[in-house]
Amino acid sequence: MHLDVKNAGAVSVLTLPGKLTGQYAETLKMYLRHSLDCTGRLIVDCGQVTAVDPDCLKILCSAFRLSRSMRKDFVVAGQQPDLFLNAVKTTEYGHCIGCGLETDEGCVWGTP
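Structural notes, computed from the coordinates. Remember, predicted model here, so these are calculated numbers, not experimental data.

Here is what the cut-offs are and how they apply
Residues numbered from 1 in each chain as written. Predicted model: local features only at pLDDT ≥ 70, side-chain atom pairs only at ≥ 80, totals over all residues. Heavy atoms only, no water. Helix = DSSP H or I, 4+ residues; strand = E, 2+ residues; numbered from the N terminus. Buried < 20%, exposed > 50% of the residue type's maximum accessible area, 1.4 Å probe, protein only. Contact = heavy atoms within 4.5 Å. Pairing = 2+ DSSP bridges. Axes fitted to C-alpha atoms, helices over the stretch in contact; angles between N-to-C directions. Core = buried A, V, L, I, M, F, W, Y, C linked by side-chain atoms within 4.5 Å. Phe/Tyr/Trp six-rings, centres within 6.5 Å; stacked < 30°, edge-to-face > 60°.

With respect to the overall build of the chain
The helix and strand inventory of the chain stands at three helices and four strands. Of the regular secondary structure in the chain, the N- to C-terminal order runs β-β-α-β-α-β-α. Split into buried and exposed, the 112 residues of the chain put 36% on the buried side. Considering only contacts within the chain whose residues lie at least 6 apart along the sequence, 78% involve residues at least 24 apart.

Here it is as structure tokens:
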């Protein structure tokens with residue numbers, strides 16, 4: 001999996017391609033962490049994602065929580081709502097599992 005990161009000042013855009021599966025989990029984690037370290041606002045473009053598994057979903061949720069603790073913006077853009085919401089519903093994340101951000105900051109997936 002090749003991840004594309006574009007930096008424009010205080011904003012970085014990380015484009016995620018294809019299938020987000022467990023075999024790419026460590027790469028995804030590394031890119032997300034590095035991007036958060038290097039920017040004030042990270043936009044994660046999921047417009048090209050065709051599948052997401054629980055491992056990568058957990059990493060994206062963890063990156064969202066990390067961004068809040070770092071006082072940085074984390075935005076998911078271009079997502080296919082059905083793809084991600086179905087993944088959320090079929091995992092333990094089925095209803096915002098209490099990360100503490102679902103009421104104050106809003107869930108990254110937009111679930112109630």
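Looking at the sheet that holds strand S1 (residues 4-8)
Read from one edge of the open sheet, four strands run S1-S2-S3-S4, paired in mixed fashion. Lying at the two open borders of the sheet, with one neighbouring strand each, are S1 and strand S4 (73-77). In this sheet, neighbouring strand axes are inclined to one another by 20° on average, regardless of whether the strands run parallel or antiparallel. In this sheet, strand S3 (residues 41-52) lies alongside strand S2 (residues 11-20) in parallel orientation, the contact comprising nine bridges. If you follow Pro 17 over to S3, its bridge partner there is Gln 48.

Some thoughts on the nonpolar core
Within the largest apolar cluster, 24 residues are counted, with the highest numbers of intra-cluster contacts made by Leu 16, Leu 32, Val 44, Leu 60 and Phe 74. At the level of secondary structure, the elements contributing two or more residues to this core comprise S2, helix H1 (25-38), S3, helix H2 (54-69), S4 and helix H3 (81-89). Looking at this core element by element, the count peaks at six residues for H2. Discounting chain neighbours no more than four positions away, the residues touching Leu 16 are Leu 3, Leu 28, Val 44, Asp 45, Cys 46, Gln 48, Val 49 and Leu 60.

Quick word on the packing of aromatic side chains
Tallying each qualifying case throughout the model produces one aromatic pair. Taking the centre distance of 6.0 Å and the plane angle of 65° together, the rings of Phe 64 and Phe 74 count as edge-to-face. Taken together, the positions of Phe 64 in helix H2 and Phe 74 in strand S4 put the pair 10 residues apart, joining distant regions of the chain. Of the two residues examined, Phe 64 and Phe 74, each falls in the buried class.

Limitation: the analysis is restricted to geometry and does not speak to function.
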